[in-house]
Amino acid sequence: MASSTAQLKALIFDVDGTLAETERDGHRPAFNQAFTDAGLDWQWSEALYGDLLEISGGKERILAYIQQSQPNFVLPSGFSDLTEFIKHLHATKTTYYKQYAAAGKIPLRPGVERLLTEARAKGVRLAIATTTTPANVQALLENTLGADSLSWFEVIAAGDMVPKKKPAPDIFEYALAHLKLSPENCLGFEDTNNGLLSATQTGLKTIVTVNDYTRQQDFAKATLVISDFGEPDKPFQVIAGNAHGAGYFDIALAEAVLA
Ligand code: XBP
């Protein structure tokens, strides 16, 4: 029977803050450990980090911090320029992040594994569109969902694969182009205003799951804003939009939201 509503073919997920509380449990402590290793007395508090999250990308975030808050910074010897130094700091930070993931310190958010498993069982394709470094995505997925879980995702669009980071649409455009799908057949999942802008500029209907860093942000462009994906025995809270009476996010709700 012909249908006038768009068919759901793929889900495109942000990683940081959406699949897991990576900023709180992984990135911030990893930045701080990298600073200590480099002999710097910089420590990013939770509050400061909340402000710094306005800048997408770890290397870009370090640069903005130096420019705004460390006017007397002197380039350590052995580095030809600031870009090289930031690259070095960031590589150390990535090493720490991977260690935290391997140690099980970065769990998935409620409902994530259930939703991914149901999508796979029903033939709904999966992709990732994230600003973070590809090695971080690999470490998170393998240590939470198992060794083969990278292969669950047809496209892992991450980090420097595109010229402009979120809120630019580049990373979601990259994911859609590699899926060879139109945005009408996909849903995007985000936790930040920057990410929401990135996704919706491509035409994707986007679901926002908030967290402590982002719940005060402007999500007017989201199709649905919820506390998390929820579980049958632990329903989400609906913050804005129509959740069609559901208590947790599943493929039936994804289809209802897309229709
Ligand atoms: C995530 C980011 C990333 C991480 C750090 O944004 O901005 O920079 O905070 O990762 P989003 P890297 O969730 O919108 O994709 O240090 O690897 O950049």
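Residues numbered from 1 in each chain as written. Predicted model: local features only at pLDDT ≥ 70, side-chain atom pairs only at ≥ 80, totals over all residues. Heavy atoms only, no water.

Engineer: Residue-level account of the site of the ligand, with values.
Structural biologist: Residues in contact with the ligand amount to 18 residues; listed here are only the nearest, Glu23, Gly58, His90, Lys93 and Thr133. At a separation of 2.7 Å, an oxygen atom of the ligand approaches a polar side-chain atom of Thr132. Spatially, the ligand is embedded in the largest pocket. Among the secondary structure elements, those contributing two or more residues to the shell around the ligand are α1 (22-37), α3 (58-69) and α4 (82-102). Considered class by class, the residues forming the shell around the ligand number two nonpolar, ten polar and six charged. Shared between two domains, the shell around the ligand takes at least three residues from each, and those domains are domain 1 (4-21 + 108-258) and domain 2 (24-102). (Near = heavy atom within 4 Å. Polar contact = N/O pair within 3.5 Å; in protein donor to acceptor, adjacent residues only side chain to side chain. 1 Å grid on protein atoms, 1.4 Å probe; cavity = no way out; pocket = protein on both sides within 12 Å on 5 of 7 lines; lining within 4 Å. Sits in = over half its atoms within 2 Å of the grid points. Helix = DSSP H or I, 4+ residues; strand = E, 2+ residues; numbered from the N terminus. Nonpolar A, V, L, I, M, F, W, Y, C, P; charged D, E, K, R; others polar. Domains from an automatic or database assignment.)

Engineer: Can you lay out helix α8 (residues 193-200) for me, pointing to particular residues and giving the numbers?
Structural biologist: A large share of α8 lies buried, amounting to six of its eight residues. Regarding α8, the residues found buried are Asn194, Gly195, Leu196, Ser198, Ala199 and Thr200. (Buried < 20%, exposed > 50% of the residue type's maximum accessible area, 1.4 Å probe, protein only.)

Engineer: Give me α3: which residues, what numbers.
Structural biologist: Because an α-helix completes one turn every 3.6 residues, residues spaced three or four positions apart along the sequence face the same direction. If you check α3, its first and last C-alpha atoms are 16 Å apart, about what twelve residues at 1.5 Å a residue would give, namely 16 Å. The inward-facing, buried residues of α3 abut α1, α2 (46-52) and α4. (Expected span 1.5 Å × (residues − 1). Contact = heavy atoms within 4.5 Å.)

Engineer: Lay out unusual backbone geometry in plain terms, naming residues and giving numbers.
Structural biologist: The amide bond that connects Lys166 to the next residue, Pro167, takes the cis arrangement and shows omega of 15°. As for its placement among the helices and strands, Pro167 is situated in the loop between β3 (155-158) and α7 (170-179). The backbone of Lys180 sits at a positive phi, close to 55°, despite the residue not being glycine. The residue Lys180 is located in the loop between α7 and β4 (186-190) in this model. Looking at Lys180, the relative accessible area reads 73%, which means it is exposed.

Engineer: Describe the layout of surface pockets, naming the residues involved and giving the relevant values.
Structural biologist: There is about 460 Å³ of room inside the largest pocket. Secondary-structure elements contributing two or more residues to the lining of the largest pocket are α1, α3, α4 and α8. The residue inventory of the lining of the largest pocket, partitioned by class, reads four nonpolar, 18 polar and 14 charged. Split by domain, the lining of the largest pocket shows at least three residues from each of two domains, domain 1 (4-21 + 108-258) and domain 2 (24-102). (Points joined across faces, edges and corners; volume = space filled by probe spheres on them.)

Engineer: Could you give an account of the domain arrangement of the protein, with specific residues and numbers?
Structural biologist: Here the protein is described as being made up of domain 1 (4-21 + 108-258) and domain 2 (24-102). Placing a centre on the C-alpha atoms of domain 1 and another on those of domain 2 gives a separation of 27 Å. Taken together, the 16 residues of domain 1 in the interface contact 21 residues of domain 2. In total, domain 1 and domain 2 occlude about 1400 Å² of area from one another, counting both sides; carbon and sulfur atoms represent 48% of this. By the criterion of area lost to domain 2, the three top residues of domain 1 are Glu21, Asn136 and Tyr213, representing 42% of everything that side buries. Taken together, the links from domain 1 to domain 2 amount to two salt bridges. Among the salt bridges present, the one from Lys165 reaches Glu60, with a minimum N-O distance of 3.1 Å. Remark: the boundary between domain 1 and domain 2 carries seven residue pairs in polar contact (both at pLDDT 80 or more). Per-element accounting of the side of domain 1 that touches domain 2 gives the leading share, five residues, to helix α6 (residues 134-145). Along the lines of polarity and charge, the residues of the side of domain 1 that touches domain 2 split into four nonpolar, seven polar and five charged. (Buried area = accessible area lost by both parts, 1.4 Å probe. Salt bridge = Lys/Arg side-chain N within 4 Å of Asp/Glu carboxyl O.)

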